Amino acid sequence: MREVAVVGVGQSKFGRISDMTLAELAWQAVKQALQDAGITQKDVEMVSFSNVGGWSSEPLPAIAVNEYSGVSGVGTYRVEAACASGSAALATAHSLVASGAVDIALAVGVEKMTEVPTPMAVELIGRSGNYFWEFSQFGLTFPGYYALYATAYMNEHSATEEDLASVAVKNHYYASYNENASFQKRITVEDVLKSKYVAWPLKLYDCSPITDGAAAVVLASEDAARKLTDTPVWIRGIGYASDTSNLSKRPNFLSLRAAREAAQKAYKKSGIDPSRPHRQIDVAEVHDCFTIAEIIAYEDLGFAPRGGGHVLAREGETYKGGLIAVNLDGGLKAKGHPIGATGVSMAAEITKQLRQQVRGERQADIVKGAGLAHNVGGTGHYAYVSVFSLKKS
Ligand code: COA
């Protein structure tokens, strides 16, 4: 397999974007990514496209977006892995370049979730839990699913609602420095505790919002990357795994098996010691669709021992200067979670962090030269963990 680098990244503003079509929104990100890579549309050989849709009026979004972006006519497809669709698009584009099928591929993620009212968006997301049993018989939607994880975790490890809240406080803090984030407002633990319950113990500020947004990255083979840039960010390894959609078949609600497996595979491919990955990684983007998800991610990725994730959160160890900096763009919680765009946006953020192109407070200290993205689809149905590095393997 060939080495593959990220050579261009772009991202739109995330939030409620009502004055653009899906294609116009995607173009905001694609335009930046092409410019950043120093290429034009005619250099792109393949577009790997991520959009979950359902709320969207556009049935074949890849075609509409590519046409609007001026990359019509190239090979393309749309991938689906629920909230991890963006990472699935990245992984498939990576495989195409690594295999030698193409030299330059574009991964694009875009979502316009606010095309429908919030209750309908919640219902549509809920259908991608476990439709025939948990959704249709019990009415479970995603805040409810992650509330099950939160109550199990709190019961097992004596974690508190304050511990969960500390994740939201950190992610809103960093989002306040991110002009592309949905929320720029800093919040306190008290604000989180006072916000309305959505599904006990999760409150409004424990949840990621319904979001519109787009992200794009350009991937290139080693030869192409060397011609385009002096600062390629290498994709050292992508691990992927999946699991049952049915929570009754999961051994417990304390961890996501698919995420653990994806992390182990990514670490093996990229030469990261799985027992202490934070020693080799400066900055991580993790899938904090709900605050409990970030705490579980710390454990599934090996940043904390089992039962120690909430302690990292409580002690502020995932701020800059702590054990490992996590979600310095505000995460899904405060940057926003336009489902199909999220994984691509994580790759864009880690690339900018490693290139030290993030302004001010939210630029991580890059000492080890590596970053990680952890992206989960469903309630752990799909998981992707990607390791990026300034050094080639
Ligand atoms: N965090 C902080 N503020 C939020 C928010 C969130 N997650 N969601 C909405 N808000 C704010 C809105 O900005 C709005 O503020 P305003 O009145 O100042 O304009 C207000 O709360 C009401 O917004 P609305 O869209 O009506 O919220 P809601 O109460 O109907 O929905 C949730 C809130 C939590 C139910 C919804 O955001 C949700 O379902 N989130 C989870 C999405 C999800 O499951 N994604 C997939 C995960 S894998």
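Look above for the structure.
None of these values were measured; they are calculated from a predicted model. (Residues numbered from 1 in each chain as written. Predicted model: local features only at pLDDT ≥ 70, side-chain atom pairs only at ≥ 80, totals over all residues. Heavy atoms only, no water.)

Trainee: Sorry if this is basic, but what is going on with the overall build of the protein chain here?
Mentor: Scanning the protein chain for helices and strands turns up 14 helices and 12 strands. The C-alpha atoms of the protein chain give 19 Å as radius of gyration, which agrees with the globular expectation for 393 residues (21 Å, within 12%). By principal-axis analysis of the C-alpha atoms, the protein chain measures approximately 55 × 45 × 40 Å. Relative to its 393 residues, the protein chain shows a buried fraction of 62%. Counting only contacts in the protein chain whose residues sit at least 6 apart along the sequence, the fraction spanning at least 24 positions is 77%. Summed over its atoms, the accessible surface of the protein chain is roughly 14600 Å², and 52% of this surface lies on carbon and sulfur atoms. (Helix = DSSP H or I, 4+ residues; strand = E, 2+ residues; numbered from the N terminus. Rg over C-alpha atoms; globule rule 2.2 N^0.38 Å. Buried < 20%, exposed > 50% of the residue type's maximum accessible area, 1.4 Å probe, protein only. Contact = heavy atoms within 4.5 Å. Areas by Shrake-Rupley, 256 points an atom, 1.4 Å probe, with all protein chains shown as cover.)

Trainee: Explain the sheet that holds strand β12 (residues 382-389) here, please?
Mentor: For sheets, the rule is that strands pair by backbone hydrogen bonds, running either parallel or antiparallel. Taken in spatial order, the 10 strands make up an open sheet running β3-β2-β4-β7-β1-β8-β12-β11-β9-β10, and their pairing is mixed. If you trace the sheet from one side to the other, it starts and ends with β3 (75-79) and β10 (325-326), each paired once. Pairing of strand β1 (residues 4-11) with strand β8 (residues 233-242), which is carried by two bridges, proceeds in the antiparallel orientation. Along β8, the bridge assignment pairs Ala-5 with Trp-234. Sitting on the sheet, helix α2 (residues 61-69) touches β2 (46-50), β3 and β4 (104-112), and the angle it makes with β3 is about 135°. Taken strand by strand, helix α3 (residues 85-99) contacts β1, β2, β3, β4, β7 (212-221), β8, β11 (370-377) and β12, and its axis lies near 160° from that of β2. (Pairing = 2+ DSSP bridges. Axes fitted to C-alpha atoms, helices over the stretch in contact; angles between N-to-C directions.)

Trainee: How should the packing of helix α6 (residues 142-157) against helix α11 (residues 291-300) be read in this particular structure?
Mentor: Packed helices, taken two at a time, are described by the angle their axes make and the gap between the axes. For the pair α6 and α11, the least separation of the axes is 9 Å and the interaxial angle reads 60°. Between α6 and α11, the angle falls in the class oblique. Of the two elements, α6 crosses α11, and the hand of that crossing is left-handed. Taken together, the residues of α11 that come into contact with α6 (itself represented by Tyr-146, Tyr-149, Ala-150 and Tyr-153) are Ile-292, Ala-293, Ile-295, Ile-296 and Glu-299. Considering only residue class, the contact of α6 with α11 consists of eight nonpolar, no polar and one charged. (Parallel < 35°, antiparallel > 145°, perpendicular 65-115°, else oblique. Left-handed = near helix turned anticlockwise from the far one by under 90°. Nonpolar A, V, L, I, M, F, W, Y, C, P; charged D, E, K, R; others polar.)

Trainee: Looking at this model, I keep getting lost on the nonpolar core. Mind explaining?
Mentor: Buried together is how nonpolar side chains tend to be arranged in soluble globular proteins. Tyr-146, Val-217, Leu-219, Ile-292, Leu-301, Phe-303 and Phe-388 are the most contacted members of the largest nonpolar core, which totals 95 residues. Of the residues forming this core, the biggest block, eight residues, is contributed by α6. When neighbours within four sequence positions are excluded, Ile-292 is seen to be in contact with Tyr-146, Tyr-149, Ala-150, Tyr-153 and Leu-164. Counting residues in each nonpolar core, the second largest holds 30 residues, with Ala-62, Val-71, Val-218 and Ala-220 among its members. (Core = buried A, V, L, I, M, F, W, Y, C linked by side-chain atoms within 4.5 Å.)

Trainee: I keep staring at the state of the cysteines and nothing clicks. Help me out?
Mentor: Note on terminology: disulfide describes a covalent bond linking the sulfur atoms of two cysteines. Using the criterion set out here, one finds zero disulfides in the structure. The thiol of Cys-83 is unpaired, and the distance to the nearest cysteine sulfur, on Cys-289, comes to 6.5 Å. (Disulfide = S-S within 2.5 Å.)

Trainee: Just checking my understanding: could you explain the site of the ligand for this structure?
Mentor: The environment of the ligand is formed by 17 residues, the closest being Thr-118, Lys-196, Cys-207, Ser-208 and Lys-333. A distance of 2.6 Å separates an oxygen atom of the ligand from a polar side-chain atom of Lys-196. Across the complex, the protein chains shield 67% of the 920 Å² of accessible surface that the ligand would expose by itself. A breakdown of the residues in the shell around the ligand according to their chemical character gives 12 nonpolar, three polar and two charged. (Near = heavy atom within 4 Å. Polar contact = N/O pair within 3.5 Å; in protein donor to acceptor, adjacent residues only side chain to side chain.)

Trainee: What is the right way to look at helix α1 (residues 22-37) in this model?
Mentor: At 3.6 residues per turn, the α-helix brings residues three or four places apart onto the same side. Taking 1.5 Å as the rise per residue, α1 with 16 residues should run 22 Å; its terminal C-alpha atoms sit 23 Å apart, in good agreement. Taken as a whole, α1 carries its principal kink of about 25° at Gln-28. Of the residues making up α1, those classed as buried are Leu-22, Ala-23, Leu-25, Ala-26, Ala-29, Val-30, Ala-33, Leu-34 and Ala-37. Against the buried residues of α1 lie β1, α2, β4, β7 and α9 (222-228). (Expected span 1.5 Å × (residues − 1). Bend = angle between axes of the 7 residues up to and from the residue.)

Trainee: Teacher, can you tell me more about the side chain of Asn-246 here?
Mentor: Tracing the backbone shows Asn-246 in the loop between β8 and α10 (257-270). Once you skip the residues sitting within four places of it in the chain, Asn-246 turns out to touch Asn-130, Trp-133 and Glu-134.

Trainee: How should I be thinking about the pattern of salt bridges in this particular structure?
Mentor: Pairing between side chains becomes possible if they bear opposite charge and their charged atoms approach one another. Counted under the stated rule, the structure contains 18 salt bridges. Between Asp-163 and Arg-314 there is a salt bridge, with its nearest N and O atoms 2.8 Å apart. Of the two residues, Asp-163 sits in helix α7 (residues 161-175) while Arg-314 sits in helix α12 (residues 309-314), which places them 151 residues apart along the sequence. Of the residues examined, Asp-163 reaches a relative accessible area of 3% and is grouped as buried. The shortest N-O distance in the salt bridge between Arg-362 and Glu-349 comes to 2.8 Å. (Salt bridge = Lys/Arg side-chain N within 4 Å of Asp/Glu carboxyl O.)

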